[in-house]
Each structure stands twice: as structure tokens, then as C-alpha cells.
Amino acid sequence: MPIKKHIAVTSLLGASFAALGQNSFIVEDLKVEGLQRVALGAALTHIPINVGDNIDQFTISRTIKALYKSGHFDNIAVFRDGNQIIFKVKERPTISSIEFDGNKDIKDEQLNESLEQQNIRQGEPLDKTVLDSIEKGLTEFFHSIGKYNAKVEVSIVELPRNRVKLMLEFDEGDAASVRQINLVGNELFSDEELLSLVESQQDLPWWRFLSNDRYQKQTIEGDLEKIRSFYLDRGYLRFNIDSTQVSVSPERESVYVTANITEGEKYTVKGFDFIGDLLGREDLIKEIVPLRAGELYNGSVVTATEDFIKSYLARFGYANAEVRTVPEIDDENKEVQLTLSVEPGKRVYVRRIVVNGNQNTADEVLRREMTQLEGAWLSNQNLERSKLQIQRLPYMESVEFEVNPIPGVEDQVDVDFTVKEQPAGSFQAGVAYGSYAGLQFNIGVSESNFLGSGNQVAFNINTSRGSERYSVSYTDPYFTPDGVSQGSSVFFSKFDASEFGIVDYKSTSYGIGTNFGFPINAINRVNFGIRWIEESLSQISNFEQTRVLRESFFNESDPSSDYDFTKYELSAGWSRVTVNRGMFPTAGSRQTLNLSVTTPNSDLNFFKINYDSRFYWPISNDHRWVFSARAGLGYGNGYGETNGFEQVLPFQEFFRISEQELRGFDRNTILPRAVQRSPKCLPGTPEPDGTAGSCIVADPEFDTLSLGGRIGGNAKALAGLELIVPTPFLDEENTSSVRTSFFVDAANVWDTEFDVDRYNNLTEDQYKLLSDFSDPTRFRVSTGLSIQWISPMGPMLISFAYPLKKEEEDDTKTISFNISNTF
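Small disclaimer: the values here were computed from a predicted structure and weren't measured.

Novice: Whenever I open this one, the overall build of the protein chain confuses me. Can you help?
Specialist: In terms of helices and strands, the protein chain carries 13 helices and 41 strands. Expressed as a percentage of its 823 residues, the buried residues of the protein chain come to 42%. Sequence separation of at least 24 residues holds for 61% of the intrachain contacts in the protein chain that already meet a minimum separation of 6. Carbon and sulfur atoms make up 51% of the accessible area of the protein chain, which totals about 43300 Å².

If you want it as C-alpha cells, here you go:
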């Protein structure tokens, strides 16, 4: 609405207006009346008149302008009383509140930001002269997004004590749709091919109600740039968009866009050269840039070359390098000579690095992950590496950095890192029920960032019917300043296999261990460890897979005694981590390879090798669509001889598959079965006294065969594919704490030492009871949906799975759920 600016009225008491205009006088006193919010001293600073000054009409006029310019006043009147000057002012009203109504396309935050740019905010004086421009600017914005019927009205509600409420009312109306996009002048490429590049949709049929053909000015401009890039990437250096017309239908519901283009002809790169300062690395840069003489001109390659040179120079502290490509076009031969002008500027150094947002984590914990150091030159490579390494910490949700130039200093900057932490300590508790284990309970306390030190402490208790495990562990990832880690652990475990559908045996074990990790570089690491373990086995069932251990350590003097073992275990491992963050990564990979072996002076001599990997490939630029693949392999066996028996992997060390590795199946359900072979006893000739004769063992082909519970094997393989998708109904802010994915899992465990041919001399009925438990191809496969959430209570995981490939005796589990609590 139009706002008329008040015009100051200058009058004189005791003298005419003309007299003031014609005569000057000496000021004996100054007064300012009408002040409420503005202090007298603040007002006087804008009045260029002092007592004793000789003033005239020009001085008065200049003073009025200065007071209006201060922004504090709506109306100013000047009076003369003798030689005294009196300023009577009316202050601008103060904005008490700002309200919006009817706005849908523009959020309140955007409106407040726009108003603040014009110095309109709560608590500030209101300049009514800018209200017209606000209405006009907002209306133009709605036109740019296709809402040509939109109306914006700014109104002022007067409040007591010279306050006002500012109200912005919107009637947005419906957006106009793109009825048609016309391209004029294209002959080399069809309309369909070019329009397939653009984001804007046109004249959609009603059944495509999920698509959007709404007109938006910025989208159209971006689409035309895509077409320009399409031509430039194919050598059409002279391509040009001559003009663009946007026509609106009379009812303002449809928009017609017409672009007139000139395609031109293809140009070849004759050659390229550099001018400026390449810091003595011209030959190296010329070899590795993607530009090549003799190839078609490609705009994307030219841009990539400029960006590469800037990035390369920024690695050495030249953060403000400028690279411009100057083409010399030969229209006759259709060639272009490219000259890249490089100006590295001054080398920039980092004065100070500031870390913000870490409420629990000590500064030094984050700084030790940084490769960008204070006092060193600024390197974009080191900044990105520092961000990545901090983001990989399990207690960091997000990390950002900003480079801030220091005013008045050309070669120094400050770097601000802003981190967002996520819960590092957790109290975990789980309750589950399975067909084998029955009711299960686990409880644990873990802290990945103990007292903000970055050290890891964990205490876990896991109990279920037939299983107990207690463990305490501590890890210092920076045992030495150069990144050598050290960890220690102690555990106690009791296990009754009969409660888990595994062959009958009981185990009690306890041990203590330590390990050290050594960084090779930023992504590779090796570790070495040693453990002492005491183990006792009892009530071992008589099966083929347990025979070697039973017979090797059988105590003839005390046949019912337990089997006690002392093991000294050495381990070595390698890990390679390139993921972009510790929790819910979206790019990169994790790979680990571990070897553990018992020393020759141990009671049991065996080794185990494990390899695990996980890869992430982002499908979309915003990393909300991600493809993931995982694979795992394990193998173990024995070495040497004990009491004349060649050692194999002890059955209690066999590999098994967890529910998380193969979703949709109950744990231990896909393992090889234990095999029991018993000779058949035939009654012998009766004794003279009539008693039964001694048993006569029949030929081995008449042996009785039976299968026991699951036992596991000395080899395993697992694989999985996962499509990570945006979680419905959640915005981008929650993508770091919620993950939804569709998955396919596959896994198998087998026993390479099992020889099914050893049983082929049995009767057909007995032999057909067996499966080939040494067959590595007996994979089970499942598919389903998984949702993970780092909730305020702690990590939650729910999976819905359906078996695609299973065997008759497999136990399946359609839904699995786990919840824990954080502190």
C-alpha cells in the first residue's frame, strides 16, 4: 500500500517564515521535544548545530535531513523562540511483532530473513517507506515460481506506547503449469532429445498426478543451461541461446516458454598452453589435466581442468588461485587454441583453528584427528581429510568447516570446525525369544567417548537359557601421540550347547588379553594381540565331529573328567577404512582381515582366518540413495598332532551365522548337522548256562547312522546386497539418524574335513540320511526390509525378512527387533 512520507514543517514563533529564510541568527539554546525511546544524546549527535553557532535556513534544512536520515523519526518540526531552536519530533513506532498468514511456498524463516536484510525486525523502529518495496518484491517472487495470481498485502496495527504489529497477508493462488516448451533453431538434435535433459515437465496428463509441471523461473534457467552444456560438451563452441520468451495465458494458469538457439558447428582443440605462475609444476600439470589436443572441444573438460588446477594449488596453500581459460577461435578451420591463465595469488596460512559444538568431547580428541595444523599453510586436501577423520568417530554425527579470512591480512585465515555429537554412551538391553534359545536377555554398558577422552570402555552381560558371558574392555585409540592404540579385555563365559539346538556339550572359559594397533597411513592399520584363555569342556556328545578332540585328550584313569585346555592365542589383523562417517556411512568401504593362531605350547593347536568387507556407492548426489554390498569369509583348521591324532579345528571353535548376518533365519539353523555312527551288534552263541552270548559286531555296512543337532563347520561365507533409500515422511535432517533399506542376504557354513564318501558303504536307507556337509554351495538366501534408528533411547533395529532359499529343517524368523537405551 502506498505510504506517504511526512514533510517537515518549519515555523517560527515571533517571526515569519520569510524572516527565517532571509536572516541568520546566533543560537543561544537547543531543545528536542517528543523523545521517548531515543536518548537525548543520541538525537543531538544528528543535529549539526551548537550553541553559539550562526545559522540560517540552509542550516535548518540540513539538520532536518540529518535527523530523518538517522532512521529514528517519522515527523520533525522546527520552531524558533527568540534565539532558541526547538525540535519537535515524532519517533518512528517500534515493531512489537511480525505475523504471517497464508504463506505456503515461502516459509516464515525465509520471510524473516528477507525482512532483516531491510532492517525490519522485532524491537526495531519501522521505516514505513520500505513497505511498498516489500510488497513488490514478494509479488515478483511469486511470479517467478508461476503464481501470477498471488497477492501480498502489508498492514500495520497500531498498539499503545507507539508500538505496531506488522502483518503480511498472502493469497498465493494456484501455480501456473508449463503448457509447452518450444525450441527454435535446433536441427542437429531433436526436441525430444534436448527436452529429455531438462527438469521442467510440460503438459502432463492427469494420470501423472505425482509428477510436477509447475512453472519456476529458476528451473527454466537451469534447464537452458543444461542444454547449453549439452552442446558445449560436444564441441559446439559457438552455441548460443539468442533469446527466451515466457508467455502467460490470459487466465494466468498456463505458461509457454520459447527459446531461440543457434547451434553452430563443432570445434576441435588445436592445443592448449599455460600462462602465469604454476609454481614450477607446469610439466606435471600439463600431463595430468584431462585436456588433449586434437579432441573435440568439451566444456565440461575445460571446467574440470580449471577446478583441478585450483584444487591442486590449494593443496600447497594457494587457496585463492584464479584460473581462467581464454579461447582463440579459428572459425575458418573450426579449431580453438586454449590458453589457461593461472594466478596462484599469495600462499595462505592458518592462524587459528576453532572447534565448536563439542559439548562432551575434549578439543584435543578432535584436534588429534586433524591433518590441517595451525601455523601451516592452508590445504584443502588436509581440511577435507580432517573433516573425514573426525566424522568417522562413532560419537560424531556431522562435521562442517568454514574458512574465514582475517580482515586486513591477505595471507592468513581462521578455520572454524563445527561438530554435532551423537550419543556415545549407551545402556543396552535386549529381550528376545527363539525356538532354540527360548527367552534371552542381555544387558551392557558401553562408552565410546569415556569422559570426553575418546577412549572406549565397555562392560557387557549377556544371559539366556544356557548361556552367560561377562566381559570388560578398555581401548585407548591414542596410546601414543602418533596414533598407536592399545586395548585390554577380560571375560568369563559359560555355555550349554544343548539349549541352542547344537550338539550337547558344556563349556566354561575365562581369559585376559591385550592388543596394539599401528597406523600405516590415514586409511590402513595393522594390529597385533595376545590372549591367555582357560577352557573346560564337559558332557561332550559322541559324534564324528567331536571324536578327534575326545580321543586326543581322553583320560583313561578318570573317564568322566572334564576336558581342560590352556590356550595362548596370537592374533594379527589389517583394516582399511575409507567410509565418509562412522555411523550410517554413504560412501567408501570397510575391510578387515584377521588371523588368530594358538601357540605350539597350547593344549589345542589351530588357526582361524576371517575377512569382512562392506562397500557403499552413492547413487544420488545427496547420498540419500545408496547401494551397498558386503562379503565375509572364514576358515579354520588345526595343525600338528596330539597323542597320535592329527589336529583339526576344535568343534567348539566352529563358525556359526548370527541373525544379523542372515536375516530371516533363526541363529544356528543353517549349520551342518552332527553325525553319529554306531556299529550294529548281533547276538552271539548262547553260553552253556543259557545266558546270552557276547555281542558280535556286524560289518561296517550295517552301522546305524543318526543325526544330532547343529554343530557348525570350519568354513563360512556370507554376502549381502542392500539398497538404502530415503525414509518416507522424514526430512533430510533425520537421514543421519534413521536408515531404511531393502536387502538380500546369503550365507553358508560347511565343514571341509567332512567326507561324505566315508559313509557310502552303508545301506541305502542309512546313506540317504546324510547331506554333503562339505558342500560350499548350500547357501540360504533371504530378502526383506530393514529400518535402523539412532533414537533418543538408543539404537533401534527392526527387520522384516522372507526366505528365498531354504532347506526343510531350517527355522525361519520373519520379524526381528532390538532396542537399547542411551545415557
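Moving on from the coordinates now.
Novice: What should I look at first to understand the sheet that holds strand β16 (residues 349-356) in this one?
Specialist: By definition, the strands of a sheet pair up through backbone hydrogen bonds, in either a parallel or an antiparallel sense. Taking strand neighbours across the sheet as the criterion, the 3 strands line up as β16-β18-β17 in an open arrangement whose pairing is mixed. At either end of the open sheet lies a strand with only one pairing partner, and these are β16 and β17 (396-405). The average undirected angle you get between the axes of adjacent strands in this sheet is 20 degrees. Relative to strand β18 (residues 412-421), β16 is paired through 7 bridges, and the arrangement is parallel. From the neighbouring strand, Asn 356 faces β18, where its bridge partner is Thr 418.

Novice: So what exactly am I meant to see when it comes to helix α5 (residues 131-144) here?
Specialist: In an α-helix, one full turn covers 3.6 residues, which means residues spaced three or four apart are oriented alike. End to end, α5 covers 20 Å across 14 residues, agreeing with the expected 20 Å (1.5 Å per residue, within 8%). Of the positions making up α5, those classed as buried are Leu 131, Ile 134, Glu 135, Leu 138 and Phe 142. Along the long axis of α5, the arc covered by the buried residues comes to 95 degrees, so they all point the same way. Just beyond α5, the residue with positive phi is Gly 146, at close to 90 degrees.

Novice: Looking at this structure, I do not really get the packing of aromatic side chains. What am I missing?
Specialist: Where two aromatic rings form a pair, the distance of their centres and the angle of their planes describe that pair. Throughout the structure, instances matching the rule amount to 22 aromatic pairs. Seen from their ring centres, Phe 518 and Phe 528 are 6.2 Å apart, and the 55 degrees between their planes marks the pair as tilted. Remark: Phe 528 occurs in strand β25 (residues 524-538) and Phe 518 occurs in strand β24 (residues 506-519); sequence separation between them is 10 residues. What makes Phe 518 partly exposed here is its relative accessible area of 34%. Owing to a relative accessible area of 45%, Phe 528 belongs among the partly exposed residues under this scheme. Feature note: the residues Phe 189, Phe 230, Tyr 231, Tyr 236 and Phe 239 constitute an aromatic cluster, connected by ring pairs. A cation sits over an aromatic face here: Arg 281 above Phe 316, 4.2 Å from the ring centre.

Novice: What exactly am I supposed to notice about the environment of Gly 483 here?
Specialist: Along the chain, Gly 483 falls in the loop between β22 (467-476) and β23 (485-496). By relative accessible area, Gly 483 is classed as buried at 6%. Measuring from C-alpha to C-alpha, the distance between Gly 483 and Ile 520 comes to 9.8 Å, with 37 residues separating the pair along the chain. If sequence neighbours within four positions are ignored, Gly 483 has contacts with Pro 477, Tyr 478, Gly 517, Pro 519 and Arg 525.

Novice: I'm lost on the sheet that holds strand β14 (residues 322-330) in this one. Help?
Specialist: With respect to topology, 3 strands assemble into an open sheet ordered β13-β15-β14, the strand pairing being mixed. Of all strands in the sheet, those with a lone pairing partner are β13 (268-276) and β14, marking the two edges. The sheet shows a mean angle of 20 degrees between the axes of neighbouring strands, taken without regard to direction. Sheet analysis places β13 next to strand β15 (residues 335-343), joined by 8 bridges and oriented parallel. Across the sheet, residue Gly 271 finds its bridge partner in β15, namely Gln 337. Along the sheet, helix α9 (residues 299-314) contacts β13, β14 and β15; its crossing angle with β14, the most-contacted strand, is approximately 150 degrees.

Novice: What is the right way to read the environment of Asp 745 from this model?
Specialist: In this fold, Asp 745 is placed in strand β37 (residues 738-750). With relative accessibility at 1%, the residue Asp 745 sits in the buried group. Distance in space between the C-alpha atoms of Asp 745 and Glu 661 is 7.4 Å, their sequence separation being 84 residues. Here the side chain of Asp 745 touches Arg 630 through a polar contact of 2.8 Å, side chain to side chain.

Novice: Any chance you could explain the side chain of Asn 580 here in plain terms?
Specialist: Considering the arrangement of structural elements, one finds Asn 580 in the loop between β26 (563-577) and β27 (588-598). Note on Asn 580: relative accessible area 15%, which makes it buried. Within the structure, the side chain of Asn 580 is placed 2.7 Å from the side chain of Thr 586, a separation counted as a polar contact. Apart from the residues lying within four places of it in its own chain, the contact partners of Asn 580 are Leu 388, Gln 391, Pro 585, Thr 586, Ala 587 and His 623.

Novice: Would you mind going over the pairing of strand β36 (residues 715-725) with me for this structure?
Specialist: Along any regular strand the residues' side chains alternate between the sheet's two faces. Most of β36 sits out of view: 8 of its 11 residues are buried. When strand β29 (residues 626-638) meets β36, the two strands line up antiparallel, connected through 10 bridges. Paired with Ser 628 across the two strands is Glu 722, which belongs to β36. For β36 and β37, the ladder comprises 11 bridges, and the chain directions are antiparallel. Directly across from Leu 723, in β37, lies its bridge partner Phe 742.

So, how was this worked out
Residues numbered from 1 in each chain as written. Predicted model: local features only at pLDDT ≥ 70, side-chain atom pairs only at ≥ 80, totals over all residues. Heavy atoms only, no water. Helix = DSSP H or I, 4+ residues; strand = E, 2+ residues; numbered from the N terminus. Buried < 20%, exposed > 50% of the residue type's maximum accessible area, 1.4 Å probe, protein only. Contact = heavy atoms within 4.5 Å. Areas by Shrake-Rupley, 256 points an atom, 1.4 Å probe, with all protein chains shown as cover. Pairing = 2+ DSSP bridges. Axes fitted to C-alpha atoms, helices over the stretch in contact; angles between N-to-C directions. Expected span 1.5 Å × (residues − 1). Arc of directions from axis to C-beta. Phe/Tyr/Trp six-rings, centres within 6.5 Å; stacked < 30°, edge-to-face > 60°. Lys NZ or Arg CZ within 6 Å of the ring centre and 35° of its normal. Polar contact = N/O pair within 3.5 Å; in protein donor to acceptor, adjacent residues only side chain to side chain.

Taken by themselves, the reported measurements are silent on function.
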